[in-house]
Amino acid sequence: MTEGKGSDTNMKGWLLKWTNYLKGYQRRYFVLSNGMLSYYRAEYSGGTKLSIRRRRRSRVEVNQAEVMHTCRGSISLHGAIIHTEESCSFVISNGGTQTFHIKAFTEVERQRWVTALELAKAQAIHLIESDAHHSSPSDEDEENEFYDAMEETQSNFILTIPTGHRRTSSGMSNASQASDGCNPPDGHDEASGSSSEVDEVGGETTTVCVITAKSAEDPGPTGYQTPGGKKQSDSASPSSSVPPSPTSTAASSIGGAAGSSTQVNGSVVTSRRKRRTRVPDKPNYPLNLWSIMKNCIGQELSKIPMPVNFSEPLSMLQRLTEDYEYADILDKAAACCPDATGGDSCEQLAYVAAFTVSSYSTTSNRTGKPFNPLLGETYECDRTDDFGWRSISEQVSHHPPMVAQYCEGKDWRCWQEFTMASKFRGKYLQVIPLGTSHLEFNASGNHYTWRKVTTTVHNIIVGKLWVDQSGDMDIVNHKTGDKCHLKYIPYSYFTRDVQRKVKGCVVDKDGNVKWVVTGMWDNKIEIAKVTSSQGGPENPVFKTGPSRLVWKRRMPASDSERYYNFTELACQLNEEEEGVCPTDSRNRPDQRLMEQGLWDEANAEKLRLEEKQRAARRSREAEAEKAASDEEIRQEWKGRPYPPYEPVWFKKQTEPYTGKVFHVYQGKYWENKDKGDWSMCPDIF
């Protein structure tokens, strides 16, 4: 029972906290103070306490009473997500690393706690923003991906296969083999092996040797049909499987040609509308990077002041849409399992793994960060006439920054919730994605989930910017139990192995290795079917058939460095289009001004939009404070918390496969677009 000690934003009292499936909910004493929610086994009496470990090191005897008063855990409310579930339950999460499932004794008690938590969260955000605002207006989230590419592949390799289930930290792989030496790109500093905490497929591991036969380019599954309607067979020519680079003549026109053409799977796919093939050249504005960055060391990345000079004229919503540049891989994957019972689900999973790797190819040599979306900002991309898919994205949360996205093709649908944790450390910064991606095929019903790996950007202050991807990725088929474990090998000076390498395997529900996946995240991916195995269970050796090239990166035009190193698809994402939602990123004025080369005007417009967003947030906080203090409003809501900001096109629901709260697409956007009804959209620009 809550004692209700303290002010509205500083509370103490007893609540029930979920511990595990054996003990269920346990009674804990919670303390809300200074933007932190902590809990204890006994009533907290205040004062500084030494941890049990430190007391043991000091050989100080710890009695049971002191243990009971030790803080068992805490969570910062800045950037936390607070939502209610059942009549007396509520959940607090910081985006994925910490989640508290709490239950009050009455609905009124839960409302008091939720209201106090929301107010404490608002005060914590305001306090941090006021500290950061003394330097200059802040940019409110960040994802920046850069790198220099190097190309080389190998046939045989060592692979570590997980066999259990636990949560662990991934580090640099010890497995290496003889290959040609690889020098780091010019300007790189010494990169230490980075690690990220991910859900691995295995707690125990088995090291195996994979021997592959001569590689062959991928003709696609038998009977695969391209988005253009042309059927392909297993005897297709090599040129039909690897999409070549766009022609230089197509990249020479900003306006594009009537009915622009794009190569997909070797077939020329023509769009019905006129699309541009490049954007205006990037102007040459000198800027002192050190004068901006020297005051940012140690700060939260979302609070670093960032003018448009460091950006590219695309928003984060548009950048995430680039994940589907190679969505034709999913069309091939759909053909692997034409119905609910037939086909090879493990082969389909190998194609899905190649698709997840292909999304990192857009980080090639893009040295600009995307614009941070405003709360309520949306972006639609309808490419059903040429690529066969369409997507809708929305910025559903501002603290923490979170994007919800939904994309649908002819035979599949994919959705994701993207948020991240990030830190700037002077020489490098790390971006750790926390959201989950989902993919479901219509015919087979196979449902896959995965989480992205850690991105590390090096040489932020001095030297040539470059990016590295590292960590483990687990792709799970929730219907069949098949799993694919991919390891992104971190860059290292002390290995002769190929840099930027990705390797992994597909195992069925019984733990048998069926397919091997290998390649580089900036170049290509090959898959090979396991034909036989030798050796014992501790160190097995798998022999595979010919490797199949399932993804090859389409390189941008030779002069793309003049316009932000954009690919042809990236050039078309911010192209003006009639009939889109008023909150669409194409309508964002500062982004449009930057694309046109008017950077001074874009910086001024960016400040105006950020201040408008802050004013809207302060208005919502004032309404929440009024609701918390007004007795009539309390009775009107009858124990329910005051409603926070709600997205327009997505809604929070419990996701059945992972059991987590997820922003689910409500399926009304395209219908409203056909009607031209945007009355429900907020005024954010």
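Cut-offs and rules
Residues numbered from 1 in each chain as written. Predicted model: local features only at pLDDT ≥ 70, side-chain atom pairs only at ≥ 80, totals over all residues. Heavy atoms only, no water. Helix = DSSP H or I, 4+ residues; strand = E, 2+ residues; numbered from the N terminus. Buried < 20%, exposed > 50% of the residue type's maximum accessible area, 1.4 Å probe, protein only. Contact = heavy atoms within 4.5 Å. Areas by Shrake-Rupley, 256 points an atom, 1.4 Å probe, with all protein chains shown as cover. Salt bridge = Lys/Arg side-chain N within 4 Å of Asp/Glu carboxyl O. Axes fitted to C-alpha atoms, helices over the stretch in contact; angles between N-to-C directions. Parallel < 35°, antiparallel > 145°, perpendicular 65-115°, else oblique. Nonpolar A, V, L, I, M, F, W, Y, C, P; charged D, E, K, R; others polar. Phe/Tyr/Trp six-rings, centres within 6.5 Å; stacked < 30°, edge-to-face > 60°. Lys NZ or Arg CZ within 6 Å of the ring centre and 35° of its normal. Polar contact = N/O pair within 3.5 Å; in protein donor to acceptor, adjacent residues only side chain to side chain. Pairing = 2+ DSSP bridges. 1 Å grid on protein atoms, 1.4 Å probe; cavity = no way out; pocket = protein on both sides within 12 Å on 5 of 7 lines; lining within 4 Å. Points joined across faces, edges and corners; volume = space filled by probe spheres on them. Core = buried A, V, L, I, M, F, W, Y, C linked by side-chain atoms within 4.5 Å. Expected span 1.5 Å × (residues − 1).

K.L.:
Lay out the overall build of the protein in plain terms, naming residues and giving numbers.
P.N.:
Looking only at helices and strands, the protein has 12 helices and 32 strands in total. Here the protein, with 685 residues, has 55% of them falling under the buried criterion. For the protein, contacts bridging at least 24 residues in sequence account for 64% of all contacts bridging at least 6. Carbon and sulfur atoms provide 49% of the accessible area of the protein, an area that totals close to 29700 Å².

K.L.:
Could you give me a rundown of the pattern of salt bridges, with the residues and numbers involved?
P.N.:
In this structure the tally under the stated criterion is 31 salt bridges. E312 is paired through a salt bridge with R319; the nearest N and O atoms lie 2.9 Å apart. The same class applies to E312 as to R319, namely buried. The partner of E377 in a salt bridge is R588, and the shortest N-O contact between them spans 3.2 Å. Within this pair, whereas E377 is found in the loop between strand 15 (369-371) and strand 16 (378-383), its partner R588 is found in the loop between helix 8 (568-573) and helix 9 (589-595), the two being separated by 211 residues in sequence. For the pair E377 and R588, a shared accessibility class is recorded, and that class is buried. Residues participating in the shared-partner salt-bridge network are R273, E380, E575, E577, D584, R586 and K673.

K.L.:
Tell me about the packing of helix 6 (residues 328-336) against helix 7 (residues 345-358), residues and numbers included.
P.N.:
Packing of helix 6 against helix 7 leaves a shortest axis separation of 8 Å and a crossing angle of 170 degrees. Considering their axes alone, helix 6 and helix 7 lie roughly antiparallel with respect to each other. Residues I329, L330, K332, A333, A334 and C336 of helix 6 touch helix 7, and the partners they reach there are E347, Q348, Y351, V352, A354, F355 and S358. Across the contact of helix 6 with helix 7, the residue classes tally to nine nonpolar, two polar and two charged.

K.L.:
Help me get a handle on the packing of aromatic side chains, residues and values and all.
P.N.:
Taken as a whole and judged by the stated rule, the model has 20 aromatic pairs. A ring pair is formed by Y324 and W389, whose centres lie 5.7 Å apart and whose planes are at 45 degrees; its orientation type is tilted. Taken together, the positions of Y324 in the loop between helix 5 (316-321) and helix 6 and W389 in strand 17 (residues 389-398) put the pair 65 residues apart, joining distant regions of the chain. Considered together, Y324 and W389 belong to a single accessibility category, that of buried residues. The aromatic ring of F100 is capped on one face by K17, whose charged end is 5.3 Å from the ring centroid. The ring of W14 carries the charged tip of R27 above its face, separated from the ring centre by 3.9 Å.

K.L.:
Account for the environment of R273, naming residues and giving values.
P.N.:
Tracing the chain through its elements places R273 in the loop between strand 13 (267-270) and helix 4 (289-293). Counting along the chain gives 113 residues from R273 to D386, while the straight-line C-alpha distance between them is 9.6 Å. Only 3.2 Å separates the side chain of R273 from the side chain of E577, close enough to count as a polar contact.

K.L.:
Which residues make up the sheet that holds strand 4 (residues 73-76), and what values go with them?
P.N.:
Strand order in the open sheet formed by seven strands is 4-3-2-1-7-6-5, with antiparallel pairing between adjacent strands. Looking at which strands have only one partner, the edges of the open sheet turn out to be strand 4 and strand 5 (81-84). Strand-to-strand twist across the sheet, computed as the mean angle between neighbouring axes with direction ignored, equals 30 degrees. Sheet topology note: the strand 5/strand 6 (residues 89-93) ladder contains four bridges and is antiparallel.

K.L.:
Any details on empty space enclosed by the protein? Residues and values, ideally.
P.N.:
The tally for this structure, following the rule as stated, stands at 16 cavities of 30 Å³ or more. The volume enclosed by the second largest cavity comes to roughly 90 Å³. Forming the boundary of the second largest cavity are D323, Y324, F355, T356, S359, Y360, C414, Q416, S437, W450, K452 and M473. Secondary-structure elements contributing two or more residues to the lining of the second largest cavity are helix 7 and strand 19 (412-418). Taken together, the residues of the lining of the second largest cavity sort by class into six nonpolar, four polar and two charged.

K.L.:
Account for the nonpolar core, with residues named and values stated.
P.N.:
Core analysis: the largest hydrophobic core is formed by 71 residues, its most contacted members being W412, L439, F441, W450, I475, L486 and Y488. For this core, the element with the highest residue contribution is helix 7, accounting for nine residues. Once you skip the residues sitting within four places of it in the chain, F441 turns out to touch L330, A333, A334, Q348, V352, D411, W412, N446 and Y448. One finds M11, F30, L77 and V114 within the second-largest nonpolar core, a separate group that totals 20 residues.

K.L.:
Mind laying out unusual backbone geometry, listing which residues take part and the relevant values?
P.N.:
Omega for the peptide link from H399 to P400 comes to 0 degrees, which places this bond in the cis form. Within the secondary structure, P400 sits in the loop between strand 17 and strand 18 (401-409). With a phi close to 60 degrees, R500 is a non-glycine residue in the positive phi region. Note that R500 resides in the loop between strand 26 (483-488) and strand 27 (501-507). Backbone geometry at Y564 places phi at a positive 70 degrees, although glycine is not the residue there. Position of Y564 among the secondary structure elements: in the loop between strand 30 (541-552) and helix 8.

K.L.:
How would you sum up helix 7? Please name residues and give values.
P.N.:
Spanning 14 residues, helix 7 covers 20 Å between terminal C-alpha atoms, matching the ideal 20 Å at 1.5 Å per step. Extensive coverage of helix 7 is indicated by the burial of 14 of its 14 residues. Its side-chain oxygen 3.0 Å from the backbone nitrogen of C346, D344 forms the N-cap of helix 7.

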